[in-house]
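# Summary of the model geometry
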Amino acid sequence: MDRIGVIGGGTMGAGIAEVTARNGGNVLVLERDREAADAAVARIETSLARAVKSGRLEQAAADEARARITLTTTIDDFADRELVVEAAPEIESLKTEFFAKLDALVAPETILATNTSSIPVVRIANATTRPERVLGIHFFNPVPVLPLVEIVVSLKTDRAVADKATAWARDTLGKRTIESKDQAGFIVNALLIPYLCSAIRMLETGFARAEDIDEGMVSGCAHPQGPLRLTDTIGLDVTLAVAESLYEEFREPHYAPPVLLRRMVESGYLGRKTKRGFYTY
C-alpha cells in the first residue's frame, strides 16, 4: 500500500503522516479548514526538523518526506487511497461520520482504519457497508519515536485485512505490532488507564505531591516518566475520554475517571498542549 490517507492533522495524525512519508508513502492529510491545515504542516515540519537536529534523520530525507505529504480540506480527494487511517478526536459520532463518507467514496478494496485509543472498532465499522475491511491501527504518541502499533481486530474484520495492515505497520513503517481483540482500551490502555487514574486519585486525596508520585515510579520502578507527567503528555482530555469508554464498557471502579481529572479538563488544563496540566510548561 503506497497511497495513504490520514483523517486529521493533529498530534497523532501529523505523526502518522510523517512516519508514513519517511518510509516512502504518498500521504494525503485531511483537515477541517486552511488554518488547521497550516497548523498540521507546522507540526510535521517541526517534528522533521527535530529529527534532523538530533541526528536521527538526514536533511535530504526530511525534505523528501515533506514532499510526499499533501494537505487537503476536501474529503473527495481521498477517492484513490489504498488505506485510510482516521485520527480524528476521540468522539464516536465524529468518527462514524467520517467512515460513512469514506465508505461511499473509496474503492471496495480500500482498507479503513481507526486510530481510536478506546472506542470498540465494530461500532465504527458498522457505519460502513464493508465492516470486514475496517480495523484499528492504534499508534502511540509521539508516533515518530514510539515503536508500537496495536492492531485491533473486530469480530467482523477479515483475517486477510488484519494481516495486510500488520505487514504495512511492521514491514513498511518498521513498527513493532501486537494484536488485540476488540474491547474498549485494547491491550495497552486497559492496563495503563487504571494506573494513571490511581495516581490522580493519590494526588487528589492529598496523600502525596505530584513530584513525589512521579519520582517514586521513575526511581523506584524504572519507568521513563511518572504517571502524572505521562498524563500531561497524553493529554488530560484524551485520558478522560479513554477512562470513560473503559468504564462504560466494563463498569469496574478502577476505570472510573477521578473527579480531579474531570475538573481539570473542564478548566482547560489539558497538559503539555495547553502548557498546563499537573505541571506547568
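- Per an unreviewed UniProt entry, the protein carries the name 3-hydroxybutyryl-CoA dehydrogenase and comes from Nocardia aurantia.
- Database annotation for the protein, UniProt heading Sequence similarities (unreviewed entry): "Belongs to the 3-hydroxyacyl-CoA dehydrogenase family."

### Regarding the pairing of strand E8 (residues 176-181)
- One ladder, built from six bridges, connects strand E7 (residues 148-153) with E8; its direction is parallel. Bridge pairing in E8 links Ile 151 to Glu 179.
- Running through helix H6 (residues 159-172), the crossover from E7 to the neighbouring parallel element E8 is right-handed.

### Considerations on the domain arrangement of the protein
- Assigned domains within the protein: domain 1 (3-181) and domain 2 (189-272).
- Put simply, the middle of domain 1 and the middle of domain 2, counted by C-alpha atoms, are 26 Å apart.
- Across the contact, eight residues belong to domain 1 and eight residues belong to domain 2.
- In total, about 580 Å² of surface goes out of reach between domain 1 and domain 2, with carbon and sulfur atoms giving 42% of it.
- Looking at the side of domain 1 facing domain 2, the largest losses of area belong to Ser 117, Ser 118 and Arg 123, adding up to 53% of the total buried there.
- Scanning the region where domain 1 abuts domain 2 turns up two salt bridges.
- Here Arg 123 makes a salt bridge to Glu 249, at a shortest N to O gap of 3.9 Å.
- The interface formed by domain 1 and domain 2 holds two residue pairs in polar contact (both at pLDDT 80 or more) in total.
- In terms of residue class, the side of domain 1 that touches domain 2 is made up of two nonpolar, four polar and two charged.

### Points about helix H4 (residues 92-103)
- Here H4 contains twelve residues, and its C-alpha end-to-end distance of 16 Å stays within 8% of the 16 Å for a straight helix at 1.5 Å per residue.
- Within the span of H4, buried status applies to Lys 95, Thr 96, Phe 98, Phe 99, Leu 102 and Asp 103. End-on view of H4: buried residues confined to an arc of 160 degrees, all on one side of the axis.
- Packed against the buried residues of H4 are strand E1 (3-7), strand E2 (26-30), strand E4 (83-86), strand E5 (111-114), helix H5 (121-125) and strand E6 (134-139).

### Focus on the environment of Arg 262
- Note on placement: Arg 262 falls in helix H11 (residues 259-266).
- In this structure Arg 262 comes out as partly exposed when scored by relative accessible area, which is 29%.
- Beyond its immediate stretch of four places on either side in the chain, Arg 262 contacts Leu 240, Glu 244 and Pro 257.

### What about the packing of aromatic side chains?
- For the structure shown, the criterion picks out two aromatic pairs.
- Their ring planes at 80 degrees and their centres at 6.4 Å tell us that Phe 139 and Trp 168 sit as a pair that is edge-to-face. One end of the pair, Phe 139, is in strand E6; the other, Trp 168, is in helix H6, with 29 residues separating them in the sequence. The two residues Phe 139 and Trp 168 agree in class, both being buried.
- Between Phe 250 and Tyr 255, the ring centres sit 5.5 Å apart and the planes meet at 35 degrees, which makes this aromatic pair tilted.
- In this structure Phe 250 comes out as partly exposed when scored by relative accessible area, which is 27%.
- In this arrangement the basic side chain of Arg 229 is found over the ring face of Tyr 279, its NZ or CZ atom lying 3.8 Å from the centre.

### Re the sheet that holds E4
- Strand order in the open sheet formed by eight strands is E3-E2-E1-E4-E5-E6-E7-E8, with mixed pairing between adjacent strands. Because the sheet does not close on itself, it has two edges, and the strands there are strand E3 (69-72) and E8. Between one strand axis and the next, the sheet turns by 25 degrees as a mean value, whatever way the strands run.
- Strand direction decides the pairing type here: E1 and E2, joined by five bridges, are parallel. By the bridge assignment for E2, Arg 3 is matched with Asn 26.

What counts as what
- Residues numbered from 1 in each chain as written.
- Predicted model: local features only at pLDDT ≥ 70, side-chain atom pairs only at ≥ 80, totals over all residues.
- Heavy atoms only, no water.
- UniProt positions renumbered as here; feature names shortened; annotations may be inferred.
- Pairing = 2+ DSSP bridges.
- Helix = DSSP H or I, 4+ residues; strand = E, 2+ residues; numbered from the N terminus.
- Right-handed = clockwise from strand over helix to strand, strands pointing away.
- Domains from an automatic or database assignment.
- Contact = heavy atoms within 4.5 Å.
- Buried area = accessible area lost by both parts, 1.4 Å probe.
- Salt bridge = Lys/Arg side-chain N within 4 Å of Asp/Glu carboxyl O.
- Polar contact = N/O pair within 3.5 Å; in protein donor to acceptor, adjacent residues only side chain to side chain.
- Nonpolar A, V, L, I, M, F, W, Y, C, P; charged D, E, K, R; others polar.
- Expected span 1.5 Å × (residues − 1).
- Buried < 20%, exposed > 50% of the residue type's maximum accessible area, 1.4 Å probe, protein only.
- Arc of directions from axis to C-beta.
- Phe/Tyr/Trp six-rings, centres within 6.5 Å; stacked < 30°, edge-to-face > 60°.
- Lys NZ or Arg CZ within 6 Å of the ring centre and 35° of its normal.
- Axes fitted to C-alpha atoms, helices over the stretch in contact; angles between N-to-C directions.

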